[in-house]
Structures are given as structure tokens and as C-alpha cells.
Amino acid sequence: MREIVLDTETTGLDPLRGDRLVEIGCVEIFNRMPTGQIFHRYFNPERDMPAEAFAVHGLSTEFLATKSLFAEEVDEFLAFIGDAPLVIHNSSFDIGFINAELERIKRPAISKERLVDTLMLARRKHPGVSNRLDDLCSRYQIDNSRRTKHGALLDAELLAEVYIDLIGARQSQLILAAEPREIRVAGVGEMPRRQREIPLAPRVTEADRLAHREFVLTLGDKPIWNDFLPPVAAQGEISSA
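Keep in mind the model is a prediction, meaning the values are calculated, not measured.

**Q** So what exactly am I meant to see when it comes to the packing of helix H3 (residues 70-81) against helix H4 (residues 91-104) here?
**A** Geometrically, a packed helix pair is captured by the angle between its two axes and the distance between the axes. In the contact formed by H3 and H4, the axes pass within 10 Å of each other and the chain directions differ by 115°. Crossing of H3 against H4: the hand is left-handed. Where H3 abuts H4, its residues Phe70, Val74, Phe77 and Leu78 lie against Ile98, Glu101 and Leu102. Class assignment for the residues of the contact of H3 with H4 results in six nonpolar, no polar and one charged.

**Q** Help me understand the packing of aromatic side chains, please; the structure alone is not making it clear to me.
**A** Two measures describe an aromatic ring pair: the distance that separates the ring centres and the angle between the ring planes. Evaluation of the coordinates by the stated rule reveals six aromatic pairs. Their ring planes at 85° and their centres at 5.1 Å tell us that Tyr42 and Phe63 sit as a pair that is edge-to-face. In this pair, Tyr42 sits in strand E3 (residues 33-42) while Phe63 sits in helix H2 (residues 61-64), placing the two residues 21 residues apart along the sequence. By relative accessible area, which is 26% here, Tyr42 ends up partly exposed. Owing to a relative accessible area of 34%, Phe63 belongs among the partly exposed residues under this scheme. Connected via pairs of aromatic rings, a cluster forms that spans Phe39, Phe43, Phe70, Phe77 and Phe80. A cation over an aromatic ring shows up here: Arg2 above the ring of Phe80, its NZ or CZ 5.5 Å from the ring centre.

**Q** Where do I start with the sheet that holds strand E4 (residues 86-88) in this structure?
**A** Pairing between the strands of a sheet is mediated by backbone hydrogen bonds and can be parallel or antiparallel. On the basis of which strands lie adjacent, the open sheet formed by five strands has the order E3-E2-E1-E4-E5 and mixed pairing. Of all the strands in the sheet, just E3 and strand E5 (115-117) have a single pairing partner and so form its edges. The mean angle between the axes of side-by-side strands here comes to 25°, regardless of whether they run parallel or antiparallel. As defined by bridge partners, strand E1 (residues 2-10) adjoins E4 across two bridges and the pair is classed as parallel. Across the sheet, residue Ile4 finds its bridge partner in E4, namely Leu86. Its contacts with the sheet put H4 on E1, strand E2 (21-30), E4 and E5, and the angle it makes with E1 is roughly 80°.

**Q** When you look at the environment of Ser60 in this model, what are you seeing that I'm missing?
**A** Of note, Ser60 is situated in the loop between helix H1 (51-57) and H2. Since its relative accessible area comes to 19%, Ser60 is described here as buried. Along the chain, Ser60 and Asp48 lie twelve residues apart, while their C-alpha atoms are 8.3 Å from each other. When neighbours within four sequence positions are excluded, Ser60 is seen to be in contact with Met49 and Phe54.

**Q** Mind showing me how you'd approach the side chain of Glu101 here?
**A** Structurally, the position occupied by Glu101 is in helix H4. Overall, Glu101 belongs to the buried group, its relative accessible area being 2%. In contact with Glu101, other than residues within four places in its own chain, are Arg20, Leu21 and Phe70.

**Q** Which parts of the structure should I look at to understand helix H7 (residues 152-166)?
**A** An α-helix turns once every 3.6 residues. As a result, residues three or four positions apart point the same way. Compared with the 21 Å implied by 1.5 Å per residue over 15 residues, the 20 Å span of H7 between its first and last C-alpha is a close match. Taking burial as the measure, the 15 residues of H7 include 13 buried ones, the bulk of the element. Two residues or fewer past H7, Gly168 is found with a positive phi of approximately 80°.

Rules of the game
Throughout this description, residue numbers start from 1 for each chain and increase along the sequence as written. Local features are withheld for residues below a pLDDT of 70 in this predicted model, meaning they are given only at 70 or higher, and side-chain atom pairs are given and counted only at 80 or more; totals for whole chains, interfaces and linings count all residues. With hydrogens and water stripped out, all remaining heavy atoms of the structure feed into the side-chain values. Angles here are taken between N-to-C directions and fall from 0 to 180 degrees, while the axes themselves are lines fitted to C-alpha atoms, restricted in helices to the stretch in contact. A run of H or I in DSSP becomes a helix once it reaches four residues, and a run of E becomes a strand once it reaches two; helices and strands are each numbered from the N terminus. Two helices that cross are described as forming a left-handed crossing if the nearer one is turned anticlockwise from the farther one by less than a right angle, and a right-handed crossing if clockwise. Any two residues having at least one pair of non-hydrogen atoms within 4.5 Å are treated as being in contact. Gly falls in the polar group here, along with every residue not listed as nonpolar (Ala, Val, Leu, Ile, Met, Phe, Trp, Tyr, Cys, Pro) or charged (Asp, Glu, Lys, Arg). To pair, rings of Phe, Tyr and Trp, with the six-membered ring standing in for Trp, must have centres within 6.5 Å; the planes then decide the type, stacked if under 30 degrees apart, edge-to-face if over 60, and tilted in the middle. Buried, partly exposed and exposed residues are distinguished by accessible area as a fraction of the type maximum, computed with a 1.4 Å probe on protein chains only: under 20%, between the cut-offs, and over 50%, respectively. Should the NZ of a Lys or the CZ of an Arg lie within 6 Å of a ring centre and within 35 degrees of the ring normal, that charge is described as sitting over the ring. Strand pairing is assigned whenever DSSP detects at least two bridges linking the two strands. Each residue after the first adds 1.5 Å to the expected span of a helix.

The structure is reproduced here in C-alpha cells:
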């Protein structure tokens with residue numbers, strides 16, 4: 001299953017009071033594993049950057065003035081996220097800003113049914129404690145030393161790691177990789193090992209096999225490997241070539 005882990009940075013806390021989106025970072029994960037595919041953009045918010053917001057992410061008015069408008073990058077953004085679920089920490093904040101930008105350019109809003117809110121997941125799993133991104137990184141021993149300031153792409157990368165641990169997917173992957181054998185409760189035998197839902201495609205094509213057979217024919221009747229085979233096997237190898 002394809003999912004997109006997403007984070008944003010903004011000029012403030014409320015898009016209804018004129019605050020704007022200034023950065024989006026997205027990380028693609030497939031079957032709960034990062035694929036390395038990302039989407040990252042800065043946007044010109046067409047307004048000044050308040051000192052409070054600058055202290056959080058360090059994105060200045062001067063730096064953002066040279067960046068594209070959201071409207072100029074929206075098609076590429078929407079193409080990247082496609083119809084995948086969006087994994088976001090405190091999703092109402094980020095999606096509120098994204099939908100406000102979409103509304104400004106008369107584009108459909110992103111449905112809340114697509115959202116996977118990791119803050120809500122964390123609160124259910126770890127009630128009564130702080131569940132900020134930094135806290136979760138510490139809890140799951142994820143290195144966040146680069147996070148001296150907030151940044152949409154870095155935070156999305158960290159959140160992808162947190163999400164995998166939060167839902168227990170990393171542990172499941174380790175168990176599957178180890179392929180442990182389990183004795184049946186009722187008595188004899190072993191539990192069947194898990195199989196891939198979709199078998200891997202064969203790497204050797206029919207063209208490869210044909211090319212190999214043609215190459216073997218060029219070796220004559222006495223290829224060198226027959227020196228290491230029993231006589232019957234060597235004769236069978238020659239006849240099959």
C-alpha cells in the first residue's frame with residue numbers, strides 16, 4: 001500500500017486570519033517502507049514572515065520572496081500525493097493550510113477521510129504523556145539531532161520513521177525477515193511460513209534462457225564443467241545442450 005507522509009511550515013497558526021503556507025515536505029512509503037521518493041517545495045506566501053514563525057523554522061521573507069507561488073506548483077504536488085492516504089502529525093493543522101491554499105485557487109479540497117493522524121495514534125498508544133514529534137523520536141530511539149529548527153521535509157522523514165514504529169510495522173518486518181518457526185498449539189507440525197502476497201517477478205527471462213542455450217552450443221561437446229561431473233550427469237548435460 002502506498003502512503004504519503006506529509007509536513008508543512010507556515011507563517012502562523014490560522015489560515016483564516018491571513019497566515020499562509022510556506023513549505024511542504026512529502027515522503028513516499030510503500031508497504032510501510034520509505035521508497036526514497038520525495039516532494040519538497042518552498043512557497044512565496046506574498047506577505048511578511050512574523051518573528052515568532054521565523055524563530056520556529058528560520059524561513060525569512062527575503063528567502064521566500066524568490067520562491068514559486070503555491071498555484072505554480074500545485075499540479076506537481078497533487079500528482080505526487082495522488083489518492084494515497086496522507087500520514088500527518090496533527091493533521092487538522094497541516095490540511096487546514098493546504099485546503100486554504102487550494103480554495104484560493106478554486107481547486108477541490110483534500111478529503112479528511114484520507115488522513116492518518118499520527119498524533120491521535122500516539123495519544124491512544126501513549127496516553128498521559130507528551131507526544132510531540134521530538135518526544136516520539138526519543139521514545140523510539142530515532143536520531144533527530146539534525147532537527148535544530150522545524151523543516152517540512154526533515155520532519156516528514158522523521159515522522160515516516162516514527163509512524164513505522166508507532167503502528168508496529170518495523171517489528172512485523174523483523175519477524176517476517178527472521179521467518180521464525182512456531183509449533184502448532186494442537187500438537188504436531190509447524191505453522192506455515194508467511195508468503196508474499198504478490199510473488200516476485202522472475203529475473204531470468206525466456207530471452208535470457210535462449211541466449212544461454214545458444215552460448216552453451218558454442219562450447220562444443222566437451223565443456224570444461226563436465227570434468228567435475230559424474231559420467232552420467234556429464235552425458236546428460238551434453239545431450240540437453
